[in-house]
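# Coordinate inspection notes
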Amino acid sequence: MNDPYESLVESEHLLVAANDMPAIGRHAAVAALRALLQEWGLTPRADSVTALLEQAAETDDSLLHFRSEAAVLERFPDEPDAAERAKIFVDAVRARLANI
């Protein structure tokens with residue numbers, strides 16, 4: 001998937017699914033960060049939340065504020081709060097895309 005809009009839509013669908021299956025939350029965060037990078041004209045270089053976050057932070061260093069959330073989401077993807085953690089990334093991407 002190379003279209004930022006499609007990646008963001010995918011992240012939103014995955015986020016809804018993560019409410020019932022928390023492990024899907026990580027995938028929602030990955031899709032959201034991919035959407036942001038794609039919108040910025042960058043090719044995502046990784047498949048993990050942490051690595052994609054760090055790549056996006058090369059353009060917007062305020063994203064580093066979410067580094068600990070990314071690490072927890074990667075390390076404990078099955079935790080009941082995974083959907084809430086993933087929502088942090090989906091919301092952050094939405095906010096940045098709204099300002100483009």
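Residues numbered from 1 in each chain as written. Predicted model: local features only at pLDDT ≥ 70, side-chain atom pairs only at ≥ 80, totals over all residues. Heavy atoms only, no water.

### Quick notes on the overall build of the protein
This is how it is decided: In DSSP terms, a helix is any run of H or I states spanning at least four residues, a strand is any run of E spanning at least two, and both are numbered starting from the N terminus. C-alpha atoms define the radius of gyration, and 2.2 Å times the number of residues to the power 0.38 defines the globule rule. Residue burial is assigned from relative accessible area. The probe radius is 1.4 Å, only protein chains are included, and a residue is buried under 20% of its type maximum, exposed over 50%, and partly exposed in between. The contact definition used throughout considers only heavy atoms, calling two residues in contact when any of these lie within 4.5 Å. Calculation of accessible area relied on Shrake-Rupley with a 1.4 Å probe; when residues are assessed, cover is drawn exclusively from the protein chains displayed. In this charge count, Lys and Arg are treated as positive and Asp and Glu as negative; neither His nor the chain ends contribute. Charge positions are represented by NZ for Lys, CZ for Arg, CG for Asp and CD for Glu.
In terms of helices and strands, the protein carries 5 helices and 0 strands. In the protein, the succession of α and β elements from N to C terminus is α-α-α-α-α. For 100 residues, the compact-globule estimate of 2.2 N^0.38 gives 13 Å, and the protein sits close to it at 12 Å. By principal-axis analysis of the C-alpha atoms, the protein measures approximately 35 × 25 × 20 Å. Within the protein, the proportion of its 100 residues that are buried is 41%. Residue pairs at least 24 apart in sequence account for 47% of intrachain contacts in the protein once pairs closer than 6 positions are excluded. For the protein, the accessible surface area stands at approximately 5,500 Å², while carbon and sulfur atoms represent 50% of it. Across the protein, the centroid of the 9 positively charged side chains sits 4 Å from that of the 18 negatively charged ones.

### Some details on the packing of helix H3 (residues 49–57) against helix H4 (residues 67–75)
Going by this rule: Angles run from 0 to 180 degrees between N-to-C directions of axes, and those axes are lines fitted to C-alpha atoms, restricted for helices to the stretch in contact. Oblique is the label for every angle not falling under 35 degrees (roughly parallel), over 145 degrees (roughly antiparallel), or within 65 to 115 degrees (roughly perpendicular). Under the scheme applied here, ten amino acids are nonpolar (Ala, Val, Leu, Ile, Met, Phe, Trp, Tyr, Cys and Pro), four are charged (Asp, Glu, Lys and Arg), and all others, including Gly, are polar.
Where H3 meets H4, the closest approach of the two axes is 8 Å, and the angle between their N-to-C directions is 160°. The angle between the axes of H3 and H4 places the two elements in the roughly antiparallel class. Note on element contacts: H4 touches H3 through Arg-67, Ala-70, Ala-71, Leu-73 and Glu-74, opposite Val-49, Thr-50, Leu-53 and Glu-54. Grouping the constituent residues of the contact of H3 with H4 by class yields 5 nonpolar, 1 polar and 3 charged.

### Regarding helix H5 (residues 82–98)
The condition that has to hold: Each residue after the first adds 1.5 Å to the expected span of a helix.
For H5, which comprises 17 residues, the first-to-last C-alpha distance of 24 Å matches the rise-based estimate of 24 Å (1.5 Å per residue) to within 8%. In the core, the buried residues of H5 are packed alongside helix H1 (4–18), helix H2 (24–39), H3 and H4.

### Quick look at H1
Counting along an α-helix, one turn takes 3.6 residues, and residues three or four places apart therefore face a common direction. Inclusion rule: Distance and chemistry together define a polar contact, namely a pair of N or O atoms within 3.5 Å, with one atom able to donate a hydrogen and the other to accept it when in protein, and with adjacent residues in sequence counting only for side-chain atoms on both sides.
Taking 1.5 Å of rise per residue, the 15 residues of H1 would be expected to cover 21 Å, and the 21 Å separating its terminal C-alpha atoms lies within 8% of that figure. In this fold, the buried residues of H1 make contact with H2 and H5. Put simply, Asp-3 is the residue that caps the front of H1, since its side-chain oxygen is 2.7 Å from the backbone nitrogen of Tyr-5.

### Some words on the nonpolar core
Formally: To qualify as a nonpolar core, a set must consist of buried Ala, Val, Leu, Ile, Met, Phe, Trp, Tyr and Cys residues joined through side-chain atoms within 4.5 Å.
Counting 26 residues, the largest nonpolar core has Leu-33, Val-49, Leu-53, Leu-63, Leu-73 and Phe-89 as its most contacted members. Elements represented by at least two residues in this core include exactly H1, H2, H3, H4 and H5. If we ignore the near neighbours within four places in the chain, the residues touching Phe-89 are Ala-29, Ala-32, Leu-33, Val-49, Leu-53, Phe-66, Glu-69, Ala-70 and Leu-73.

### Digging into the packing of H4 against H5
Put simply, the rule is: A clockwise turn of the near helix away from the far one marks a right-handed crossing, whereas an anticlockwise turn of less than a right angle marks a left-handed crossing.
With their axes 10 Å apart at the nearest point, H4 and H5 run at an angle of 140° to one another. Classified by the angle between their axes, H4 and H5 sit oblique to one another. For the pair H4 and H5, the crossing hand works out as left-handed. From H4, Glu-69, Ala-70, Val-72 and Leu-73 reach across to H5, where they touch Ala-82, Arg-85, Ala-86, Ile-88 and Phe-89. Class assignment of the residues belonging to the contact of H4 with H5 gives a composition of 7 nonpolar, no polar and 2 charged.

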